[in-house]
Amino acid sequence: DSSARVRELLALDREHVWHPYGAMPAPVPPLLVESASGVRLRLAEAVEGRRELVDGMSSWWAAIHGYGHPALDAAVTEQLGRMSHVMFGGLTHEPAIRLAARLVDLTPEPLRHVFLADSGSVSVEVAVKMCLQYWRSLGRPEKRRLLTWRGGYHGDTFQPMSVCDPVGGMHHLWSGLLPRQLFADLPPAGFDAAPDPRYVSHLAELVERHADELAAVIVEPVVQGAGGMRFHSPGYLAVLRELCDAHDVLLVFDEIATGFGRTGELFAADHAGVAPDVMCLGKALTGGYLTLAATLCTTRVAEGISGGAVPVLAHGPTFMGNPLAAAVAGASIDLLLGRDWRADVTRIEAGLRAGLESAAGLPGVRDVRVLGAIGVVQLDHPVDMAAATRAAVRQGVWLRPFRDLVYTMPPYVTADEDVARIADAVTAAAAAG
Ligand code: PLP
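So, how was this worked out
- Sequence positions are assigned chain by chain, starting from 1 and proceeding in written order.
- Owing to the predicted nature of the model, reporting of local features is limited to residues with pLDDT of at least 70; listing and counting of side-chain atom pairs is limited to 80 or more, with chain, interface and lining totals taken over all residues.
- Note on conventions: DSSP H or I runs of at least 4 residues are helices, E runs of at least 2 residues are strands, and numbering of each starts at the N terminus.
- Atoms counted for the radius of gyration: C-alpha only. Globule rule: 2.2 Å times the number of residues to the power 0.38.
- Partly exposed residues are those falling between the two cut-offs: more than 12 but fewer than 20 other C-beta atoms within 10 Å of their own, whereas 20 or more means buried and 12 or fewer means exposed, with C-beta atoms placed from the backbone.
- Working definition of a contact: two residues with C-beta atoms, positioned from the backbone, lying within 7 Å.
- Here, strands pair whenever DSSP counts at least two bridges between them.
- Using the backbone to place each C-beta atom, any residue with that atom within 6 Å of a molecule or strand is considered near it.
- Basically, the charged four are Asp, Glu, Lys and Arg, the nonpolar ten are Ala, Val, Leu, Ile, Met, Phe, Trp, Tyr, Cys and Pro, and anything else, Gly included, counts as polar.
- Nonpolar core, as used here: buried Ala, Val, Leu, Ile, Met, Phe, Trp, Tyr and Cys residues forming one set through C-beta atoms within 7 Å.
- Where each domain starts and ends comes from a domain assignment, either automatic or drawn from a database.

## Quick word on the overall build of the protein
The secondary structure content of the protein amounts to 13 helices and 16 strands. The globule rule puts the C-alpha radius of gyration for 433 residues at 22 Å, and the 22 Å found for the protein is close to it. Seen along its three principal axes, the alpha-carbon backbone of the protein occupies a region of about 65 × 55 × 45 Å. When each of the 433 residues of the protein is scored for burial, the buried share is 48%. In the protein, 74% of the contacts between residues at least 6 apart in sequence involve partners at least 24 apart.

Now the structure itself:
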């Protein structure tokens with residue numbers, strides 16, 4: 001019967017399956033999902049009396065159109081009828097070509113060339129490779145360090161880990177083995193705050209002092225995600241652009257979490273009207289359907305690399321440019337641009353602001369902040385993940401609190417009453433955690 005099947009599956013999961021940031025075996029069993037449709041996850045059996053959960057996480061920023069969208073399903077099915085995959089070395093295909101051209105159209109003007117990788121972390125690896133190789137090609141191999149600011153998160157492979165927040169971050173275990181990068185202080189908090197002149201001087205001092213060894217500055221623009229869900233002034237992006245131009249340093253924006261409308265602009269860089277030399281995209285790129293990421297660069301970077309002793313970008317994942325993923329990414333972009341996504345994000349922003357108001361008065365709550373379709377409650381203590389998750393599930397909502405944070409970034413198609421429900425669940429989870 002079905003509960004025996006659920007028990008069997010969860011026992012096998014516990015025995016054999018690693019989960020993200022997971023212990024083996026996992027101390028708290030994951031919830032078994034049977035299917036997902038719209039903004040709802042359907043569990044194989046009821047947990048805390050709930051079989052259906054409204055998804056407050058968009059599967060980690062990705063499922064912006066919800067699950068099982070007919071247009072996205074059709075894009076995958078149609079492409080499946082043609083081919084699911086072919087190697088990208090020596091071969092090419094329409095889904096990848098059209099997607100690359102589309103991304104060039106949508107992103108800031110000087111970005112013209114697209115590398116299609118298969119995960120966000122790999123797209124950051126590729127971004128770093130592009131920058132390091134650019135300087136090597138120009139005969140300046142000593143320019144090989146990266147500067148970032150604290151509180152960042154760029155992925156779990158080695159170069160990305162080296163620019164994640166070094167203290168209290170997830171990667172401190174590896175600190176002795178990672179390339180030694182440069183860290184500016186945390187950017188001052190507050191999307192609406194004017195840039196702080198002292199922080200601007202701090203950035204300037206670091207870039208000037210280290211210009212000879214700096215290949216690139218890499219940051220998450222406007223919203224630092226997994227490193228702490230912090231928002232900062234877009235003004236710092238313009239400051240970084242100026243500093244990088246003045247001191248011969250490349251500028252990389254990691255828009256893997258922020259891209260495709262999440263912060264209220266199509267890309268977070270658009271809040272500042274600033275263009276990077278290299279940009280990483282992922283997560284919502286395929287509407288959360290399939291794994292795909294992109295690294296875009298300018299012609300200056302591409303020509304720099306082509307002019308070097310090794311004129312190729314030496315990277316080529318087996319599943320590069322996967323046609324199914326590229327096709328669904330194209331369809332996801334069509335869907336996004338075909339509806340008034342800005343109105344949806346603004347509506348969700350207003351719903352989260354109203355719904356999270358009462359959380360600010362809870363004991364143990366340090367801060368409540370909302371930007372675009374992102375709502376964050378920060379506690380003054382580490383969250384009890386299991387208790388907070390359970391409290392949300394009891395309200396019929398899926399959340400994944402971590403560190404001192406209970407937060408949500410719902411699909412853009414979430415109806416007002418579900419936004420209110422998510423906000424209530426965030427508040428309940430913050431109170432319980
Ligand atoms: N960069 C940012 C800003 C992210 O938020 C993430 C994922 O959370 C990554 C990079 C890594 O992407 P992936 O998990 O697809 O490797």
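Right, picking up where we left off after that structure.
## Thoughts on the sheet that holds strand 15 (residues 397-398)
Taken in spatial order, the four strands make up an open sheet running 1-2-3-15, and their pairing is mixed. The open sheet has two edge strands with one neighbour each: strand 1 (33-37) and strand 15. Here two bridges tie strand 3 (residues 50-55) to strand 15, and the two strands are oriented parallel to one another. Counterpart to Val54 in the pairing with strand 15 is Val397.

## Here we look at the site of the ligand
Around the ligand lies a shell of 14 residues, among which Gly120, Ser121, Gly155, Ile256 and Ala257 are the nearest. Among the elements that make up the shell around the ligand, the one with the highest residue count is helix 5 (residues 120-137) (three residues). A class-by-class count of the residues in the shell around the ligand yields five nonpolar, seven polar and two charged.

## Concerning the nonpolar core
If you look at the biggest cluster of nonpolar residues, it comprises 131 residues, and the most contacted ones within it are Cys131, Ala216, Leu250 and Val426. Considering every element that reaches this core, the biggest residue donor is helix 5, with 10 residues. Structurally, this core is a two-domain feature, drawing no fewer than three residues from each of domain 1 (31-61 + 340-432) and domain 2 (72-338). With residues near it in sequence (within four places) discarded, Leu250 still touches Cys131, Tyr134, Ala215, Ala216, Cys244, Asp277, Val278 and Val301.

## Overview of the domain arrangement of the protein
Here the protein is partitioned into domain 1 (31-61 + 340-432) and domain 2 (72-338). At the junction of the two partners, domain 1 supplies 18 residues and domain 2 supplies 13 residues. Of all the secondary structure elements, the ones that give two or more residues to the side of domain 1 that touches domain 2 are helix 2 (58-61), helix 11 (341-356), strand 13 (365-371), strand 14 (374-379) and strand 16 (405-408). Taken together, the residues of the side of domain 1 that touches domain 2 sort by class into 12 nonpolar, four polar and two charged.

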